[in-house]
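Letter by letter, the chains look like this.
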Amino acid sequence: RDDHVLFRETLREFLVALAPDATIFEAGTLAEVKSIVDSHRPLDLVILDLDMPGMNGLAGLENFRKHYPDISAAILSGSGTRNDILGAMKLGARGFIPKTISGKAMLNALRLILSGETFIPLQAIEESSKKEENKESVPFHDLTAREKDVLELLVKGYPNKKIASGLGLREVTVKVHLQGVFRKLGVSNRAQAVATALGLGWVPRA
């Protein structure tokens, strides 16, 4: 049987486990995805396989985001490179899920994305440590100490509630700091902030 079909069935099982009452649609091509979106809007989340027919890599995500900017999208891939991961984040993807991660990690990734947060695979964080840039290079020197703390936890995939708890702040205060981070990094959302940080060599402390 087709590997894409088998993986879709597996992904459906994970989604049902997380949201038993959810309505789930399946598509085999980007054109089919668009047809489903047009017929069933609004949708909470669309998961695009980077290798599905019609995607042409990240060009498919860019095309989808252009036509459906109000719909959250995540990328699924069996062989995504670090550049693919960061590129997807910069295009506004809610997450990048490698097909090679474990079942438990897959559940955690989907849970995070469905809760409205961003999932970045560990490989993107680990590989960022190989870059020569450091945290104090432009534009990081413009961030306040607290904004750096917030960015640190944001890159680790923490939702606002967990960031607030970890730093002893209120969630509304975290949101204010995030807006400062977005403005200074020249981005408009969490995914782009994470992608920019990792692309410039930001490495979260252990």
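What you see is a predicted model, and the numbers here were worked out from it, not measured in a lab.

Draft legend 1. Region of the structure containing the pattern of salt bridges. Counted under the stated rule, the structure contains 7 salt bridges. Residue R41 is joined to D70 by a salt bridge in which the shortest nitrogen-to-oxygen separation is 3.0 Å. Of this pair, R41 sits in the loop between helix 2 (30-40) and strand 1 (46-49) while D70 is found in the loop between helix 3 (58-67) and strand 2 (73-77), placing the two residues 29 residues apart along the sequence. Residue classification places D70 among the exposed residues on the basis of a relative accessible area of 55%. Here R190 and E117 are joined by a salt bridge, their closest N and O atoms 2.6 Å apart. With R190 in helix 10 (residues 190-199) and E117 in the loop between helix 5 (103-114) and helix 6 (122-128), this pair connects stretches of sequence that are 73 residues apart. The two residues R190 and E117 agree in class, both being buried. In the salt-bridge network here, residues are joined through shared partners; they are R8, R12 and E26.

Draft legend 2. Inspection of the sheet that holds strand 3 (residues 96-98) at higher detail. The strand order across the open sheet formed by 3 strands is 1-2-3, and the pairing between neighbours is parallel. Every other strand in the sheet has two partners, leaving strand 1 and strand 3 as the edge strands with one partner each. Each adjacent strand pair in this sheet contributes to an overall mean axis angle of 25 degrees, direction not counted.

Draft legend 3. Quick look at the packing of aromatic side chains. A full pass over the atoms with the stated rule returns 1 aromatic pair. Taken together, a centroid distance of 4.9 Å and an interplanar angle of 45 degrees make the contact between F64 and Y68 tilted. Like Y68, F64 is buried. Sitting over the face of the ring of Y158, K162 holds its NZ or CZ atom 4.3 Å from the ring centroid.

Draft legend 4. Spotlight on the environment of E9. Here E9 lies in helix 1 (residues 3-18). A residue is classified by how much of its surface remains accessible, and E9, at 31% relative accessible area, is partly exposed. Here the alpha-carbon distance between E9 and E26, two residues 17 residues apart in the chain, equals 9.1 Å.

Draft legend 5. Fine view of unusual backbone geometry. The amide bond that connects R41 to the next residue, P42, takes the cis arrangement and shows omega of 0 degrees. Within the secondary structure, P42 sits in the loop between helix 2 and strand 1. Within the chain, N56 stands out as a residue other than glycine whose phi angle is a positive 50 degrees. With respect to the helices and strands, N56 occurs in the loop between strand 1 and helix 3. Under the relative-accessibility criterion, N56 is labelled exposed at 68%.

Draft legend 6. Broad picture of the confidence of the model for the protein. In the predicted model, the protein carries a mean pLDDT of 84, and the fraction of residues at 70 or more is 86%. Every residue in residues 132-136 scores below 50 in pLDDT, and together they form 11 contacts with partners more than four places removed in sequence or on other chains.

Draft legend 7. Summary view of the pairing of strand 1. In the sheet, strand 1 pairs with strand 2 via 4 bridges, with the strands oriented parallel. Its bridge partner being in strand 2, D49 is matched across the sheet by L76. Read as a crossover between parallel neighbours, the route from strand 1 over helix 3 to strand 2 is right-handed.

Draft legend 8. Quick look at the side chain of E117. Taking the relative accessible area as the measure of exposure, E117 reaches 11% and is therefore buried. Separated by 2.6 Å, the side chains of E117 and R190 make a polar contact.

Thresholds applied
- Residues numbered from 1 in each chain as written.
- Predicted model: local features only at pLDDT ≥ 70, side-chain atom pairs only at ≥ 80, totals over all residues.
- Heavy atoms only, no water.
- Salt bridge = Lys/Arg side-chain N within 4 Å of Asp/Glu carboxyl O.
- Helix = DSSP H or I, 4+ residues; strand = E, 2+ residues; numbered from the N terminus.
- Buried < 20%, exposed > 50% of the residue type's maximum accessible area, 1.4 Å probe, protein only.
- Pairing = 2+ DSSP bridges.
- Axes fitted to C-alpha atoms, helices over the stretch in contact; angles between N-to-C directions.
- Phe/Tyr/Trp six-rings, centres within 6.5 Å; stacked < 30°, edge-to-face > 60°.
- Lys NZ or Arg CZ within 6 Å of the ring centre and 35° of its normal.
- pLDDT = per-residue confidence, 0-100.
- Contact = heavy atoms within 4.5 Å.
- Right-handed = clockwise from strand over helix to strand, strands pointing away.
- Polar contact = N/O pair within 3.5 Å; in protein donor to acceptor, adjacent residues only side chain to side chain.

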